[in-house]
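Understanding the architecture of this molecule
Single-letter residue listing:
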Amino acid sequence: MTHFNHPTPPNTENRDPAARKDFLREKVSEDAASGRFGRPIHTRFPPEPNGFLHIGHAKSICLNFGIARQFAGKCNLRFDDTNPTTEDVRYVEAIRNDIRWLGFAWGEERFASDYFERLYGIAEELVRSGKAYVDSQSEEAIREGRGTVTVPGTPSPFRDRPVEENLDFLRRMRAGEFADGAHVLRARIDMAHPNMLMRDPLLLRIRHAAHYRRGTAWCIYPLYDFAHGLSDAFEGITHSLCTLEFKDNRELYDWLVREAGFDRPPEQTEFARLELDYTVLSKRKLLRLVTEGLVTGWDDPRMPTIAGLRRRGVTPEAIRAFADTIGVARSEARIELATFEHAVRDDLNMRVPRVMAVTRPLKLVLTNYPADRVEMLDAPLYPHDVPKTGSRPVPFSRELWIERDDFMEEPPKKFFRLAPGREVRLRYGYLVTCTEVRKNQAGEIIEIHATYDPATRGGDAPDGRRVQGTIHWVSAAHALDCELRLYDRLCAVPDPDALPEGQDFVSALNPSSLITVRGAKVEPSVAADPAGSRYQFERTGYFISDPADSRAGALVFNRTVALRDSWAKVKDR
RNA sequence: UGGCCCUUCGUCCAAUGGCAGGACAGCGGACUUUGGAUCCGUUAAUGGAGGUUCGAAUCCUCCAGGGCCAACCA
């Protein structure tokens, strides 16, 4: 049968995974190849300075800056600062700082508030061409006149105001003659349009409020739709990437740049915003957490903000790797926390030194070890499978702290740690055998006695006998006291945005999102390290000395993420 | 009485009319001085019904489910 016309199957094996194309890159790639815009690829990241950036913004940043870099173009940082009542220069500074920290550099720094004059000029043009009018209805009347998604709107009684009258009102609006809400400028499009955004959208509103950059120079401020697309056009943006909920706005975006006469205007393309399990990614909700004191600030390590993740110990590399692995598409995507945590561990595993710290100390006394002896053991900073070198001295003595969880009087099956009569390895130290359990009046275990095998220094038995368990420890006489902040998921439910009707997301916060442990013990090698140093506390998790609160003599460590714990799974069965 | 968008393993992303593949998670094993890491193996999906076609995840129709739009927020 020769009439079957089999096309050559696509060659999948020599495709470079790093160059794999998502639908955005595919589009940009085509446009770059066709020279469609007649200018280099130009994207922009347009935050409103009314809050801190979060991991969802990081996805957008990686996309916008990443695409610009990949196609030898530029990415502007533009502050979309058109609402004087919510914005602040403090946020501008935080946003700049976070983007730099993430590892990106912007082409030009722009402010929508620098375009007020130019936008006003376009407003007058629209009025002159009959494409805009001043509406003097109340806010309520405008809302009612818009209709609903299923019923068409009705025209404002001011819709057919003569051009000269419109111009006069517009100029007087700008001059500050009217109170807030007295008039607005609206585009004249179609009050029965199936797209609600096209039902004579508002362009300019009166706000007698000081703007953090423009002061009181203006009392009329553009709305998002009026400012955004035109700002893109002013800057020569080619690809305006935004999230799915702006899909309907695109029609208005296109209308405005066309009416303003732009040749080869930017094109908006939407992608799915990031949703992450067990947290919230809405600026409104994050702001509430901050203002209501539910967290310590925008940089609280429980926050999904860039600043919070940074303080938590997450690296920019991990965030970028995460953005790469989740990809980008047009379907709403909720990412499991495990995906994020994998990116964090995967990065930290290869870069941070190992040290030993005991979270909940239990005294271990080696009864056959001389009371006055201290040995300095040489312990590698990295395990055999991490291609880094270096070691630190770790003091060993008769009295040690071990982890309370590493001893069980009546161990279940598969518990490999210390128990009466059981031998374990003290990491980098000796093999020890438990000989006695001491308890207080209340029956609580207060001290474990054991003997050590002097022939096993370093942890290997010359007779070749194997022990199942290795536990970490610190010398009691040399241990440094420290505070451990054990962070966990912000929310108690996977999707705090989908709570039953009327239930506040605050009620879904995880009460154990922070457990502060005082009296933890860490080995002395970390004493002089600067705040912000990262470690793996062996067998426990990745930690960072708190950049704000940790100091010599009062060490504070934030848990970035716990180590994977397969024992926990066994235990739960 | 609307418009638009989305639907592929548990989760995320590919497959662009031609063998449904990768990552994370899970499970099993090897290795291990971290119950970590690493390595090997493995479970697991095209929402449903029609249609077009030699051939459909892909194109068409209908249905179902989910999302966005009725702020002088962005």
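Residues numbered from 1 in each chain as written. Chains lettered and ligands numbered in written order. Predicted model: local features only at pLDDT ≥ 70, side-chain atom pairs only at ≥ 80, totals over all residues. Heavy atoms only, no water.

So, the sheet that holds strand 25 (residues 534-537)
Spatially, the seven strands line up as an open sheet ordered 12-25-26-27-23-24-13, and their pairing is mixed. At either end of the open sheet lies a strand with only one pairing partner, and these are strand 12 (354-355) and strand 13 (357-358). Both strand 26 (residues 541-545) and strand 27 (residues 555-562) contribute to a ladder of five bridges, which runs antiparallel. When the sheet's bridge partners are listed, S545 is paired in strand 27 with F557. The sheet contacts of helix 12 (residues 337-351) involve strand 12, strand 25, strand 26 and strand 27, and relative to strand 27 the element is tilted by about 120°. (Pairing = 2+ DSSP bridges. Helix = DSSP H or I, 4+ residues; strand = E, 2+ residues; numbered from the N terminus. Contact = heavy atoms within 4.5 Å. Axes fitted to C-alpha atoms, helices over the stretch in contact; angles between N-to-C directions.)

Considering the nonpolar core
Counting 38 residues, the largest nonpolar core has I55, I61, F65 and I99 as the members making the most contacts within it. Among the secondary structure elements, those contributing two or more residues to this core are helix 2 (55-70), strand 2 (74-79), helix 3 (89-102), strand 10 (274-276), helix 10 (306-312), helix 11 (316-326) and helix 12. Once residues within four sequence positions are removed from consideration, I55 is found in contact with L274, L276, L281, P304, I306, L309, I319, F322 and F340. One finds L170, F178, L252 and Y253 within the second-largest nonpolar core, a separate group that totals 34 residues. (Core = buried A, V, L, I, M, F, W, Y, C linked by side-chain atoms within 4.5 Å. Buried < 20%, exposed > 50% of the residue type's maximum accessible area, 1.4 Å probe, protein only.)

What about the protein's contact with RNA strand B?
As a matter of local geometry, RNA strand B sits amid 74 residues, with E26, D385, K414, G458 and Q536 nearest to it. In this structure, R539 approaches RNA strand B through a side-chain N or O atom, which is 2.5 Å from a phosphate oxygen. Among the secondary structure elements, those contributing two or more residues to the surface near RNA strand B are helix 5 (139-145), strand 6 (202-206), strand 11 (333-335), helix 12 and helix 13 (566-571). By residue number, the principal contributor to the surface near RNA strand B is helix 12, which donates four residues. Here the residues of the surface near RNA strand B are counted per class, giving 24 nonpolar, 20 polar and 30 charged. (Near = heavy atom within 4 Å. Polar contact = N/O pair within 3.5 Å; in protein donor to acceptor, adjacent residues only side chain to side chain. Nonpolar A, V, L, I, M, F, W, Y, C, P; charged D, E, K, R; others polar.)

Description of the domain arrangement of chain A
Entries for chain A in the domain assignment read domain 1 (130-222), domain 2 (357-471) and domain 3 (481-572). Taking only C-alpha atoms into account, the centre of domain 2 sits 25 Å from that of domain 3. Facing 21 residues of domain 2, the contacting portion of domain 3 comprises 16 residues. Counting each side, the surface lost to burial between domain 2 and domain 3 is near 1,400 Å², with a carbon and sulfur contribution of 54%. Here domain 2 and domain 3 share three salt bridges between them. Two residues, R392 and E523, come together in a salt bridge whose shortest N-O distance is 2.7 Å. The interface formed by domain 2 and domain 3 contains six residue pairs in polar contact (both at pLDDT 80 or more). Counting residues per element, the ones that place at least two in the side of domain 2 that touches domain 3 are strand 13, strand 16 (391-396), strand 17 (399-403) and strand 21 (470-471). (Domains from an automatic or database assignment. Buried area = accessible area lost by both parts, 1.4 Å probe. Salt bridge = Lys/Arg side-chain N within 4 Å of Asp/Glu carboxyl O.)

What to know about the sheet that holds strand 22 (residues 473-475)
In a beta sheet, neighbouring strands are held together by backbone hydrogen bonds and run either parallel or antiparallel to one another. Strands sit in the order 21-18-19-20-14-17-22 across an open sheet of seven strands; the sheet is mixed. Two strands lie at the open edges of the sheet, namely strand 21 and strand 22, each paired on one side alone. Relative to strand 22, strand 17 runs antiparallel, the two sharing three bridges. Within strand 22, the residue paired with W401 across the bridge is V474.

Quick look at the confidence of the model for chain A
Close inspection of predicted coordinates is inappropriate for parts of the model with low pLDDT. Counting all residues, the mean pLDDT for chain A is 95, and 97% of those residues have values of 70 or more. On the interface metric, ipTM, the complex scores 0.97, and its pTM is 0.95. (pLDDT = per-residue confidence, 0-100.)

Description of the packing of aromatic side chains
The full count for this structure, using the stated rule, is 23 aromatic pairs. Centroid distance Y91 to W298: 6.0 Å. Interplanar angle 85°. Geometry classified as edge-to-face. With Y91 in helix 3 and W298 in the loop between helix 9 (283-291) and helix 10, the pair connects residues that are 207 residues apart, well separated along the chain. According to the relative accessible area criterion, Y91 is buried, its value standing at 10%. For the pair F169 and F178, a centre-to-centre distance of 5.8 Å together with 35° between the ring planes defines the contact as tilted. With respect to burial, F169 and F178 carry one shared label: buried. Following the ring pairs from residue to residue traces out a cluster consisting of Y369, F396, Y430, Y452 and W473. (Phe/Tyr/Trp six-rings, centres within 6.5 Å; stacked < 30°, edge-to-face > 60°.)

Some points on a positive patch on the surface
Together, K414, R564, K569 and R573 make up a positively charged patch on the protein surface. Within the secondary structure layout, R564 lies in the loop between strand 27 and helix 13. On the accessibility criterion, R564 (68% relative accessible area) is exposed. (Patch = residues over 30% accessible without salt bridge, like charges linked within 9 Å, V, L, I, M, F, W, Y side chains within 5 Å. Areas by Shrake-Rupley, 256 points an atom, 1.4 Å probe, with all protein chains shown as cover. Lys, Arg positive; Asp, Glu negative; His and termini not counted. Charge placed at Lys NZ, Arg CZ, Asp CG, Glu CD.)

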